[in-house]
Each structure stands twice: as structure tokens, then as C-alpha cells.
Amino acid sequence: VQLQASGGGSVQAGGSLKLSCATSGIIWSTFTSSRMGWYRQAPGKQRDLVAEITSGGSIIYEDSVKGRFIISRDNSRKKLFLQMNALEPEDTAVYYCNIELGYGELWGKGTQVTVSS
């Protein structure tokens, strides 16, 4: 199973970006039954959860992104998304997608998001 995040870039504060996470090597039933999440890691800081979505559609957001970010999944395409609005310089980080499988967690390569003031 592989994950590939994309959609990062450089934007000004107040702008928007939409991140995508494509999966490969995973069958549909495994994808739909797995929890998935977006994490981010700023320079010199630990990797933290941004948002997660369970197989049943339950969603958790980190407090600082509530009301600005929206996590979603497209089970038919086996993809995960993160719509990021009203971006702030504090959102600058490398963003990673993550999937929780029965045998452990997998991470994709990150995508850089840079927000300038």
C-alpha cells in the first residue's frame, strides 16, 4: 500500500488550497474500513494531527483548524482530501496523509504548504 499526497504550494494568508491523498495497492474494502488522517510537521516541531476521518465518517479536527479546514474521503476513488481555507502563516508545514490498517499505520510522502503574511 502506498499513499501520495499532493496539492501543496505557496499562498498568501487568507488563501485556500486543497490537498489530495491518492492510495495504491489497497483494495476497496480495506480502504473503506480504515481510519485516515492528515498530519502536519512544521520545522523544528513534532508531527501533529490536523484532521482524521473514520470509516464511518466521524471526523475530528485539531482546534486551530476548526471552521477553516474540511477533511473528506472519496471511497469510490480511494482518495482522501483536505480543503484548507482562510490559511494562516501558522499553517505552514509539510502535510502528510496517513492510513490506519490492521497491521499498522502507513504514511505518504508529504506535501509542502507555505503561507505568507
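Please read all numbers here as calculations on a predicted model, not as lab measurements. (Residues numbered from 1 in each chain as written. Predicted model: local features only at pLDDT ≥ 70, side-chain atom pairs only at ≥ 80, totals over all residues. Heavy atoms only, no water.)

All right, on to the overall build of the protein chain then. Within the protein chain, the secondary structure is distributed over one helix and eleven strands. Its helices and strands taken in sequence order, the protein chain reads β-β-β-α-β-β-β-β-β-β-β-β from the N to the C terminus. Relative to the 2.2 N^0.38 estimate, which gives 13 Å for 117 residues, the radius of gyration of the protein chain is 14 Å and therefore close to what a compact globule would have. Projected onto its principal axes, the C-alpha coordinates of the protein chain cover approximately 45 × 25 × 20 Å. Counting across all 117 residues of the protein chain, residues that qualify as buried make up 39%. Long-range pairs, those at least 24 residues apart, make up 52% of the contacts in the protein chain between residues at least 6 apart in sequence. By element, 49% of the accessible surface of the protein chain is carried by carbon and sulfur atoms, the whole surface being about 6,000 Å². (Helix = DSSP H or I, 4+ residues; strand = E, 2+ residues; numbered from the N terminus. Rg over C-alpha atoms; globule rule 2.2 N^0.38 Å. Buried < 20%, exposed > 50% of the residue type's maximum accessible area, 1.4 Å probe, protein only. Contact = heavy atoms within 4.5 Å. Areas by Shrake-Rupley, 256 points an atom, 1.4 Å probe, with all protein chains shown as cover.)

The next thing to look at is the pattern of salt bridges. When the charged atoms of two side chains lie near each other, side chains of opposite charge can form a pair. Under the counting rule described, the total for this entry stands at nine salt bridges. The residue R40 makes a salt bridge to D91 at a minimum N-O spacing of 2.9 Å. With R40 in strand β4 (residues 35–41) and D91 in the loop between β8 (79–84) and β9 (93–101), this residue pair connects regions lying 51 residues apart in the sequence. Accessibility expressed as a relative area gives 14% for R40, which makes it buried. D91 gets classed as buried once you look at its relative accessible area, which sits at 1%. Bridged by salt links that share partners, the residues R40, E62, R68, E88 and D91 form one connected network. (Salt bridge = Lys/Arg side-chain N within 4 Å of Asp/Glu carboxyl O.)

Attention now moves to the packing of aromatic side chains. Applying the stated criterion to the full structure yields one aromatic pair. Where Y39 meets W107, the ring centres are 4.8 Å apart and the plane angle is 70 degrees; that geometry is what we call edge-to-face. Residue Y39 is found in strand β4, and its partner W107 is found in strand β10 (residues 104–107); the two are separated by 68 residues along the sequence. Judged by relative accessible area, which is 13%, Y39 ranks as buried. Against the face of F81 rests K18, its NZ or CZ located 4.7 Å from the ring centre. Over the face of the ring belonging to F31 we find R73, whose NZ or CZ atom lies 4.9 Å from the ring centre. (Phe/Tyr/Trp six-rings, centres within 6.5 Å; stacked < 30°, edge-to-face > 60°. Lys NZ or Arg CZ within 6 Å of the ring centre and 35° of its normal.)

With that out of the way, let us pick up the state of the cysteines. One covalent bond between the sulfur atoms of two cysteine residues makes up a disulfide. Enumeration over the complete set of coordinates arrives at one disulfide. Covalently, C21 is tied to C97 through a disulfide, its sulfur atoms 2.1 Å apart. The disulfide joining C21 to C97 has a torsion of about 65 degrees about its S-S bond and is therefore right-handed. Taken as a pair, C21 in strand β3 (residues 17–24) and C97 in strand β9 lie far apart in primary sequence, 76 residues in all. A single burial state applies to C21 and to C97, both of which are buried. (Disulfide = S-S within 2.5 Å.)

Structural measurements only, silent on function.
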